[in-house]
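The lines below spell out each chain.
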Amino acid sequence: MTDRILRYTLIERVVHWIAALTYMYVLATGLAFYAPGLYWIATVLGGGPVSRFWHPWIALAFLATLAWMLRAWLPDMRITAVDRRWGARMEHYVRNEDEDLPPIDRFNLGQKYFFWAMLFAGVVLLISGAALWFPERLPPAVRSAAILLHVASALVTIGAFIIHVYMGTAVVRGGFTSIIRGEVSPAWAKTHHRLWYHRVTGK
Amino acid sequence: MSRATLRIQAISGHAGTVPGAGTQRQERVAKLIDTTTCIGCKACEVACMEWNDLPFRETVFDNTYQTMPETAWNYWNLIQFREHVHEDGTLQWLMRKDQCMHCADPGCLAACPADNAIVQYQNGIVDFQQDYCIGCQYCVTGCPFNIPKFNPQTKKMFKCTLCNDRVSQGLEPACIKACPTGCLHFGSKEEMTALAETRALQLREHSGYTKAGVYDPPGVGGTSVIYILHDATNPEAYGGLPRNPRVPLAVKLWKGPLKWLGNLAIIGGLIGVTLHYLRFGPKRVHEEDHD
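This section reports on the structure supplied with the text. This structure is a prediction, so every number in the text was calculated from the model and none was measured.

### A look at the overall build of chain A
- Regarding its fold elements, chain A presents 10 helices and 2 strands.
- When the elements of chain A are put in sequence order from the N terminus, they spell out β-α-α-α-α-α-α-α-α-β-α-α.
- Each of the three principal axes of chain A carries a C-alpha extent, and together these read 60 × 30 × 30 Å.
- When each of the 203 residues of chain A is scored for burial, the buried share is 30%.
- Contacts in chain A between residues far apart in sequence, at least 24 positions, make up 62% of those at least 6 positions apart.

### Observations regarding the sheet that holds strand β1 (residues 8-11) of chain B
All names here are of chain B.
- Here we have 3 strands laid out as an open sheet, ordered β1-β5-β6, and antiparallel in their pairing. Looking along the sheet, the strands with just one partner apiece sit at the ends: β1 and β6 (126-128). Pairs of neighbouring strands in the sheet enclose a mean axial angle of 30 degrees, with direction left out of account.
- Sheet analysis places strand β5 (residues 118-121) next to β6, joined by 3 bridges and oriented antiparallel. The residue of β6 that forms the bridge with Val 119 is Asp 127.

### Quick notes on the packing of helix α6 (residues 109-133) of chain A against helix α7 (residues 140-171) of chain A
Residue and element names in this part refer to chain A.
- Remark: α6 packs on α7, axes separated minimally by 8 Å, with the N-to-C direction vectors making an angle of 155 degrees. Relative to α7, the element α6 is oriented roughly antiparallel. Crossing of α6 over α7 shows left-handed handedness.
- By residue class, the composition of the contact of α6 with α7 is 16 nonpolar, 7 polar and 1 charged.

### Looking at the packing of helix α3 (residues 48-77) of chain A against α6 of chain A
All names here are of chain A.
- In the contact formed by α3 and α6, the axes pass within 10 Å of each other and the chain directions differ by 145 degrees. As α3 runs across α6, the sense of the crossing is left-handed. Taking contact as the criterion, the partners of Pro 56, Ala 59, Leu 63, Leu 66, Leu 70, Trp 73 and Met 77 in α3 are, on α6, Lys 112, Phe 115, Met 118, Leu 119, Gly 122, Leu 126, Gly 129 and Trp 133.
- Considering only residue class, the contact of α3 with α6 consists of 12 nonpolar, 2 polar and 1 charged.

### Concerning the nonpolar core
- Grouped together as the largest cluster of nonpolar side chains are 96 residues, with contacts concentrated most on Cys 108, Cys 112, Ala 117, Ile 118, Cys 139 and Ile 226 of chain B.
- Beyond its immediate chain neighbours, meaning those up to four positions away, Cys 108 of chain B contacts Ile 118, Val 126, Cys 139, Gly 142, Cys 143 and Pro 148 of chain B.
- Within the second largest apolar cluster, 5 residues are counted, among which are Val 184, Trp 188, Trp 196 and Tyr 197 of chain A.

### A word on α6 of chain A
All names here are of chain A.
- Between its first and last C-alpha atoms α6 spans 35 Å; for 25 residues at 1.5 Å apiece the expected length is 36 Å, and the two agree.
- Taken together, the buried positions of α6 are Gln 111, Lys 112, Phe 114, Phe 115, Met 118, Ala 121, Gly 122, Leu 125, Ser 128, Gly 129 and Leu 132.
- Against the buried residues of α6 lie α3, α4 (81-88) and α7.

### So, the pairing of strand β3 (residues 78-85) of chain B
All names here are of chain B.
- Where β3 lies against strand β4 (residues 91-98), 8 bridges are found, and the strand directions are antiparallel. Paired with Glu 83 across the bridge in β4 is Trp 93.
- Taking the residues that link successive antiparallel strands as the turn, the β3-β4 hairpin has 5 residues, and the phi of Gly 89 there is positive, at about 90 degrees.

### Thoughts on the environment of His 150 of chain A
All names here are of chain A.
- Mapped onto the fold, His 150 is located in helix α7.
- For His 150 and Gly 122, which are 28 residues apart along the polypeptide, the C-alpha to C-alpha distance reads 9.6 Å.
- With near-sequence residues (within four places) excluded, His 150 lies in contact with Leu 125, Ser 128, Gly 129 and Leu 132.

The rules behind the values
- Counting restarts for each chain, with residues numbered from 1 along the sequence as it is written.
- The lettering of chains begins at A and the numbering of ligands begins at 1, in the order of writing.
- In view of the model being predicted, local features appear only for residues whose pLDDT reaches at least 70, and side-chain atom pairs are presented and counted only at 80 or more, with totals across whole chains, interfaces and linings using the full set of residues.
- Secondary structure elements follow DSSP: runs of H or I of four or more residues count as helices, runs of E of two or more count as strands, with numbering from the N terminus.
- With C-beta atoms placed from the backbone, a residue is buried if 20 or more other C-beta atoms are within 10 Å of its own, exposed if 12 or fewer are, and partly exposed between those counts.
- Contact between residues is assigned whenever the C-beta positions, reconstructed from backbone atoms, fall within 7 Å.
- Two strands pair under a simple rule: DSSP has to find at least two bridges between them.
- Axis definition: a line fit to C-alpha positions, over the contact stretch in the case of helices; interaxial angles, taken between N-to-C directions, run 0 to 180 degrees.
- Oblique is the label for any angle not covered by the other classes, which are roughly parallel (under 35 degrees), roughly antiparallel (over 145) and roughly perpendicular (65 to 115).
- Crossings are assigned a handedness: left-handed for a near helix turned anticlockwise from the far helix by less than a right angle, right-handed for a clockwise turn.
- Ten residues, namely Ala, Val, Leu, Ile, Met, Phe, Trp, Tyr, Cys and Pro, are considered nonpolar, four, namely Asp, Glu, Lys and Arg, are considered charged, and the remaining ones, Gly among them, are considered polar.
- Note on terminology: a nonpolar core is any set of buried Ala, Val, Leu, Ile, Met, Phe, Trp, Tyr and Cys residues joined through C-beta atoms within 7 Å.
- A helix is expected to span 1.5 Å multiplied by its residue count minus one.

Below, the structure is given as structure tokens:
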């Protein structure tokens, strides 16, 4: 067995899990305010007023992690010509026919889409959320737009989140371990991110 | 706040049935405000603060008889005073008692996400239950009349209760009791509507107010506070009374189609990934690899 390869540094892992926990808190409290049938979540999390108080502050912490990730991962998240070729054959990826796909770098196009979806939806959530936080000084049209944008962009993040958790835990085995302990096997790297493997190992 | 014997017919943010809906015969009530006989004395404001134990507020001088620009979390009832200049150059003082309209289709209740924070009684009164309010202020967005107000200390919303604690005991609201000109009336919605129509007809036929009419806006299902206006074609002149108030379209979209689409997308996504796993399963790592 050859040496394992470092895929995520400690700080990357720490920030990822801060993002995950803060997102899940904001998701849970947001869902409570979204549907009466889910209002019990707010009760479980300490009651409606408590959930209402912490939702925007925890959301700011989540957005701070997004800003950190943008700064740290921007070079890795740019969509390249290789990604476009890979994207044209994405149906093979969905069907687990990975041998029919061109080799890719550190992140695949799906991961990059996830990153950008969370980032852009996060910015919309921030702006619309600020309007919902302090509604009394704003004209009615702005408040109405903020309500619709907030829920619509939240739904985008929920869709992206479902796929992200599913891919990272169930489909790409080893992915979940890599974001906890940081390491992957050379075979894993060669299978899923061959260009990255060549780049970091020099092989 | 006090429910007393009133039966509830609608609850905000509530999953499941509404206790008490349809279990008792309870007449819809209404407050009738005749702006043509209001003299702007503000006795109703004082009575409101007396009965509800609200603290006194400083007034804001703006060179008119207007004492403050709008209602506040601890000032639920305010005379809106306007000097209206007619096209022929004559001046008319318009005075309108401004408070919660107690809509039959309340936008605040539709927008509220907190279970039980806003209730509508069978008699038509819409009431905030501060114990359950989470202070999100969505009711501000839902209301077409700019009525719910935020208390920054307690982070709760407040507004006129139509004195439901008095009404449930068979008394009229405090403001009605205080009015010296008799421009305020309280009774069943049916009686008040009939009285209002009679008075509007009298104004049109005998007082020269040919455009006099009743303000009971159908866009919010009618209200439990109705006005008689000298000029029903221009309600905006009475301190911004909206011509055709409605629950905002965004609130209807958000609580209607958008929510169902969202629910379908979330449940569809969860079912989708489950089916994908059952069909395709995990990806395999190729341990033996030519390089």
